[in-house]
Amino acid sequence: MNLSDALTDTAVLRTAALAALGDGWREMLNGESFNHAVYAQALITVLRQYLPSGTVAIRGISPVTGLLCEQLADLPYRVAIDPLDNSTNRRQYCGVPLQRGRTADAVLNALVANKANATEAGVLGIDNPDVELAYALLLNQHRRDLAERLNQRLAATAPVVLFVAKNAYYNQLRMSVSLRRQGFYTLAVTFNPDLRDHKAGYFDEILSTDLLSFLLWLKGASGAVIHTQGWLFRYHIPVLIDAFLPSSCRQFVELMDLNSFFFAPDDLPQLLPYMRQTWGDGVDAMQKVQLACETYLVNHVDGVVYQGSSRIVDLFDGARRRMRWLQFLCYPLPEFCVTANAERPIPEQPRLVFAGGVPPINSKHPAELFGDAQLVDTVETIISQGLVLDVYNNPLKIAEEDYANVYTAHLTLAEQYPNYRFLKGELPERIAQIISTYDLGLIVYDYSDELLVGPEHFKTLIPAKLFMYLEAGLPVLVSRRAEATAEFVEQHRCGVAISSAQLHDLPNFLQGLDWRELREGVLAAREYLCMDKQIQRLIAFYQLCGQQRKALLADSVC
């Protein structure tokens, strides 16, 4: 299906945006515009027409699978999931049993890209004419409902912020909660239905859609404030949004990990073989587009929000228009903060904790790109010195049942060292309470010589986990190579930076810490950096950039 044909060239409002994307912009839009929720609904609609009851097998695990499980739960079917080539160890997915090679009265294809056996009797997929027709009809209804809901909300009296992202990370959740306290209505527009529960409770409303449906609404919208989020190989999404953004609307792009920093241009020939392992053979062309998108965004969108040091502004030559840039970090949210006591006993043997996402350790995640974040060398360096360390992995990364498949190195270390555990983490509202019993939160990496990640990535990044540690009341231990983070914790006296040599002599280094002073610094920092205090800067930024847009439009009319 050539989905992007629904948008004609005459709908384009900013040709410079499409120029950044190049001739393949429609292909990129197609890639982001399949509506998983509508497809699941179409499959169920056709299934009920042809099979009122019986056995159903869902083929494959994808964002569609969970949606199908939800909709089938109250219907008269006996359901199982065939995971196909997914090597999961799970016995259930969304409460439905996994059974390889399951035969059934009807098969629902949850893998949209997998067209194998599409004409097989009893298999319903996107290539089935009835499913395709149902998808088209339901998609039209979805777009009418989406437009009605968004227009109603924008017409209401409360100011609205639309947080738009494929995957919204923890900083948007914190922003939203604080904005709501200031009288804003926050609405999450998500292109990934798997993350609805992750966002539940943090926004006034969550709408799951696809990029094309959102753009079809947007081109006729008025007065929308859109806060989008970039990430590695996802910067084309806010550029596509900007191409169809009406003059009365504003877009604020949040820069997360940047392609231009993570993959240093001078090192690209050396990087490409490893990048292909993760992102496929077309990654060199994708990288060029992402760099063009970054350049477009920092020069054309209404405002740029960045998660790092001010060096980012200078590297993008943003000093000339610095008022369009705002450093806004993942500041502590009062709801997540744990009561902490600076007077608690000084630990004889400090207990260390790392909480955050650990990339899988497999051929798709080569050590040359992910070795530092995979933590294996770092963990062994620490625990071999006799220190107690627990790692809480991001619960959204990998199912705990599958840890044996992708985290073998960590589980092996946990067997060898009784002072180490590799555990499934929790979402933000619970993780701070869990880790608050430790003594130090780690942003420490034992960087290897084989790591090829660009130096600017480490020099500029200030990660969300720093503020999670503050919420837990923990001082932070930071690798000095992470320059921006090291400078930040030392400036706010909420942690200490260490060199590689000190990491390899960590027990002696820790003996010299003033624990009471560090803990007092943590409490002072999280009070000063509290999201509810910082949010006024974001609100003022929205307003300032809006005024600048109006002034530019007035000048162009004159």
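Residues numbered from 1 in each chain as written. Predicted model: local features only at pLDDT ≥ 70, side-chain atom pairs only at ≥ 80, totals over all residues. Heavy atoms only, no water.

(A) Representation of the sheet that holds strand 2 (residues 77-82). Strand order in the open sheet formed by 4 strands is 2-1-5-6, with parallel pairing between adjacent strands. Where the open sheet ends on each side, the last strands, each with one partner, are strand 2 and strand 6 (123-124). Across 4 bridges, the pairing between strand 1 (residues 54-59) and strand 5 (residues 106-109) is parallel. Of the residues in strand 5, the one forming a bridge with Ile 58 is Leu 108. In the packing of helix 3 (residues 36-50) onto the sheet, the strands contacted are strand 1, strand 2, strand 5 and strand 6, and the crossing angle to strand 5 comes to about 165°. Seen against the sheet, helix 4 (residues 63-72) touches strand 1, strand 2 and strand 5 and runs at an angle of roughly 160° to strand 1. (Pairing = 2+ DSSP bridges. Helix = DSSP H or I, 4+ residues; strand = E, 2+ residues; numbered from the N terminus. Contact = heavy atoms within 4.5 Å. Axes fitted to C-alpha atoms, helices over the stretch in contact; angles between N-to-C directions.)

(B) Structural context of the nonpolar core. The biggest cluster of nonpolar side chains holds 105 residues, and the ones touching the most others in it are Ile 435, Phe 467 and Leu 506. Of all the elements, helix 25 (residues 531-557) adds the most residues to this core, at 7 residues. If near-sequence neighbours (up to four positions away) are discounted, Ile 435 is found in contact with Val 353, Tyr 392, Met 468, Tyr 469, Ala 472 and Leu 474. If you look at the next biggest cluster of nonpolar residues, it comprises 56 residues, including Ala 11, Ala 221, Phe 261 and Phe 316. (Core = buried A, V, L, I, M, F, W, Y, C linked by side-chain atoms within 4.5 Å. Buried < 20%, exposed > 50% of the residue type's maximum accessible area, 1.4 Å probe, protein only.)

(C) Broad picture of the packing of helix 3 against helix 4. Contact geometry of helix 3 with helix 4 gives a least axis separation of 9 Å together with a crossing angle of 45°. Taken together, the axes of helix 3 and helix 4 lie oblique to each other. Note on packing geometry: the crossing formed by helix 3 with helix 4 is right-handed. Within the contact between the two elements, helix 3 uses His 36, Ala 37, Tyr 39, Ala 40, Gln 41, Leu 43, Ile 44 and Leu 47 and helix 4 uses Pro 63, Val 64, Leu 67, Leu 68, Gln 71 and Leu 72. Partitioning the contact of helix 3 with helix 4 into residue classes produces 11 nonpolar, 3 polar and no charged. (Parallel < 35°, antiparallel > 145°, perpendicular 65-115°, else oblique. Left-handed = near helix turned anticlockwise from the far one by under 90°. Nonpolar A, V, L, I, M, F, W, Y, C, P; charged D, E, K, R; others polar.)

(D) Quick look at the packing of helix 3 against helix 5 (residues 129-155). In the contact formed by helix 3 and helix 5, the axes pass within 8 Å of each other and the chain directions differ by 130°. In terms of orientation, helix 3 and helix 5 fall into the oblique class. Note that helix 3 runs across helix 5; the crossing there is right-handed. Along its contact with helix 3, which presents Val 38, Tyr 39, Gln 41, Ala 42, Leu 43, Thr 45, Val 46 and Tyr 50, the element helix 5 presents Asp 130, Val 131, Ala 134, Tyr 135, Leu 138, Leu 139 and His 142.

(E) Region of the structure containing the packing of aromatic side chains. According to the stated counting rule, one finds 25 aromatic pairs in the structure shown. For the pair Phe 34 and Tyr 39, a centre-to-centre distance of 5.3 Å together with 65° between the ring planes defines the contact as edge-to-face. Neither residue differs from the other here; Phe 34 and Tyr 39 are each classed as buried. Ring plane angle 25° and centroid distance 5.7 Å describe the contact between Phe 261 and Phe 316, whose orientation is recorded as stacked. Of this pair, Phe 261 sits in helix 10 (residues 259-262) while Phe 316 sits in the loop between helix 13 (311-315) and strand 13 (325-327); the two residues are 55 residues apart in sequence, bridging distant segments of the chain. Each member of the aromatic cluster is reached from another via a ring pair, and the members are Phe 233, Phe 262, Phe 263, Trp 279 and Phe 370. In this arrangement the basic side chain of Arg 153 is found over the ring face of Tyr 185, its NZ or CZ atom lying 3.6 Å from the centre. Seen from the ring of Tyr 438, Arg 351 lies directly overhead, with NZ or CZ sitting 4.2 Å from the centre. (Phe/Tyr/Trp six-rings, centres within 6.5 Å; stacked < 30°, edge-to-face > 60°. Lys NZ or Arg CZ within 6 Å of the ring centre and 35° of its normal.)

(F) Representation of helix 8 (residues 211-218) within the structure. Of all 8 residues that make up helix 8, 7 are buried, and the element is covered over most of its length. Of all the residues in helix 8, the buried ones are Leu 211, Leu 212, Ser 213, Phe 214, Leu 215, Trp 217 and Leu 218. Each element contacted by the buried residues of helix 8 is listed here: helix 2 (25-31), helix 5, strand 7 (160-165), strand 8 (185-190), strand 10 (225-229) and helix 9 (236-243). Measuring from the backbone nitrogen of Leu 212 back to the side-chain oxygen at the start of helix 8 gives 3.2 Å, which picks out Asp 210 as the cap. (Polar contact = N/O pair within 3.5 Å; in protein donor to acceptor, adjacent residues only side chain to side chain.)

(G) Seen up close, the pattern of salt bridges. Within this structure, the stated rule accounts for 18 salt bridges. In this structure, Arg 90 and Asp 402 form a salt bridge, with 3.7 Å as the shortest nitrogen-oxygen distance. Here Arg 90, found in the loop between strand 2 and strand 3 (92-93), pairs with Asp 402, found in the loop between strand 15 (388-393) and helix 16 (403-406); they are 312 residues apart in sequence, far enough to count as distant. We note that Arg 90, like Asp 402, is buried. Among the ionic pairs, Glu 490 bridges to Arg 480, the shortest N-O distance being 3.2 Å. Of the two residues, Glu 490 is situated in helix 21 (residues 483-491) and Arg 480 in the loop between strand 18 (476-479) and helix 21; the sequence distance between them amounts to 10 residues. Overlapping salt bridges bring together Arg 181, Glu 335 and Asp 532 as one network. (Salt bridge = Lys/Arg side-chain N within 4 Å of Asp/Glu carboxyl O.)

(H) Structural detail: the sheet that holds strand 13. One open sheet accounts for 7 strands, arranged 9-8-7-10-11-12-13; its pairing is parallel. Since the sheet does not close on itself, it has two edges, and those belong to strand 9 (205-208) and strand 13, each with one partner. Here the average twist between neighbouring strands, direction ignored, is 20°. Summarising the sheet, strand 7 and strand 10 pair through 3 bridges and their orientation is parallel. Bridge pairing in strand 10 places Leu 162 opposite Ile 226. This element, helix 5, spans strand 7, strand 8 and strand 9 of the sheet and lies at about 150° to strand 9.

(I) Spotlight on the environment of Leu 297. For Leu 297, the location among the structural elements is in helix 12 (residues 283-300). Between the C-alpha atoms of Leu 297 and Arg 311, which are 14 residues apart in sequence, the distance is 17 Å. With near-sequence residues (within four places) excluded, Leu 297 lies in contact with Tyr 235, Pro 238, Val 239, Val 253, Val 304 and Arg 324.

(J) Representation of the side chain of Thr 381. With respect to the element layout, Thr 381 can be found in helix 15 (residues 376-383). Judged by relative accessible area, which is 11%, Thr 381 ranks as buried. Filtering out sequence-adjacent residues up to four positions away, Thr 381 remains in contact with Asp 446, Leu 503 and His 504.

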